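# Observations on the model geometry
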Amino acid sequence: DAKTTQPNSMESNEEEPVHLPCNHSTISGTDYIHWYRQLPSQGPEYVIHGLTSNVNNRMASLAIAEDRKSSTLILHRATLRDAAVYYCILGSQGNLIFGKGTKLSVKP
Amino acid sequence: KAGVTQTPRYLIKTRGQQVTLSCSPISGHRSVSWYQQTPGQGLQFLFEYFSETQRNKGNFPGRFSGRQFSNSRSEMNVSTLELGDSALYLCASSFQPGSVSGTQYFGPGTRLLVL
């Protein structure tokens, strides 16, 4: 079973920041937190990952709670191209366990 | 660098047949993982290969098998196809074995329809 909980869907306006939450209360000390997204008719695309500290890259930022039981993916300025299903995943024992993800809609 | 390629992109088979899907990882990547995606079950891990050895296996019946060649290309085989095997089959490659800490790069998938 997936070990993460995400809202089924979220909406955002174009060029506004988006905060996508994820709960993972059963996370273990060695679990990395990964975020992938899947655009329509494409395979999943890596977004960002982290272990304990907040992480930034050119696509997004990952904020990890101090107790690591939750995290938030931050898209600083949503564009129409960011409309996708976003998956928060714990990497455990050598494979990724995907949940249902959050479908993000971006309005112009 | 070329991305992960999967062939064929689309496939139609009938129940009872078998099918072989192919995946070519990104150059230099030695780990290949396979996933099944269906509307009902979402993305589910099938198995992972690294240096021609299966490292991890998901909860799928023995009809699903795979292998990896010395050039890191991988194939997965499904025997005695069932209607429920209709799905998008995704391949992902990574440099390091396992996906716990590394990044996986996914291919576009092979869409299999079983009639």
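See the structure shown above.
Numbering of residues starts from 1 in each chain and follows the order in which that chain's sequence is written. As a convention, the first chain written is A and the first ligand written is 1, with the rest following in written order. Per-residue local features of the predicted model are confined to residues with pLDDT of at least 70, and side-chain atom pairs are confined, for both listing and counting, to 80 or more; whole-chain, interface and lining totals are unaffected and use all residues. To get the side-chain values, take all heavy atoms of the structure and skip hydrogens and water.

### Examining the sheet that holds strand S8 (residues 74-78) of chain B
Residues and elements named next belong to chain B. At least two DSSP bridges between two strands are required for those strands to pair. Segments assigned H or I by DSSP are reported as helices when at least four residues long, segments assigned E as strands when at least two residues long, and all are numbered from the N terminus. Taken together, the four strands give an open sheet; going across it, the order is S1-S3-S8-S7, and neighbouring strands pair in antiparallel fashion. Edge strands, defined here as strands with exactly one partner in the open sheet, are strand S1 (5-7) and strand S7 (64-68). Mean inter-strand twist for the sheet, computed between neighbouring axes without regard to direction, equals 20°. Here strand S3 (residues 19-24) pairs with S8 via five bridges, running antiparallel. Pairing of Ser-22 across the sheet is with Glu-75, part of S8. Axes, fitted as lines to C-alpha atoms, cover a helix only where it is in contact. Angles between the N-to-C directions of the axes lie from 0 to 180 degrees.

### Some details on the sheet that holds strand S2 (residues 18-23) of chain A
With antiparallel pairing, four strands are arranged side by side in an open sheet as S2-S7-S6-S5 (chain A). Taken across any chain shown, the strands that pair with only one partner, and hence form the sheet edges, are S2 and strand S5 (55-56) of chain A.

### Overview of the pattern of salt bridges
A side chain with one charge can pair with a side chain of the opposite charge if their charged atoms come near. Each reported salt bridge corresponds to a side-chain nitrogen of Lys or Arg within 4 Å of a carboxyl oxygen of Asp or Glu. The tally for this structure, following the rule as stated, stands at 10 salt bridges over all chains. Arg67(B) is the partner of Glu75(B) in a salt bridge, and the nearest nitrogen-oxygen pair spans 3.3 Å. Partly exposed residues are those whose accessible area sits between 20% and 50% of the maximum for their type, while under 20% is buried and over 50% is exposed, using a 1.4 Å probe and protein chains only. The class for Glu75(B) is buried, based on a relative accessible area of 16%. In this structure Arg67(B) comes out as partly exposed when scored by relative accessible area, which is 46%. Look at the salt bridges and you will find they share partners, linking Arg37(A), Glu45(A) and Asp82(A) into a network.

### Some points on the state of the cysteines
One covalent bond between the sulfur atoms of two cysteine residues makes up a disulfide. Residues and elements named next belong to chain A. The criterion for a disulfide is a pair of cysteine sulfur atoms lying within 2.5 Å. For the coordinates displayed, the defined rule picks out two disulfides over all chains. Across a sulfur-sulfur distance of 2.0 Å, Cys-22 and Cys-88 are joined as a disulfide pair. Around the S-S axis, the bridge from Cys-22 to Cys-88 shows a dihedral of about -80° and counts as left-handed. Here Cys-22 is found in strand S2, whereas its partner Cys-88 is found in strand S8 (residues 84-92), with 66 residues between them in sequence.

Any link to function would need more than the numbers given here.
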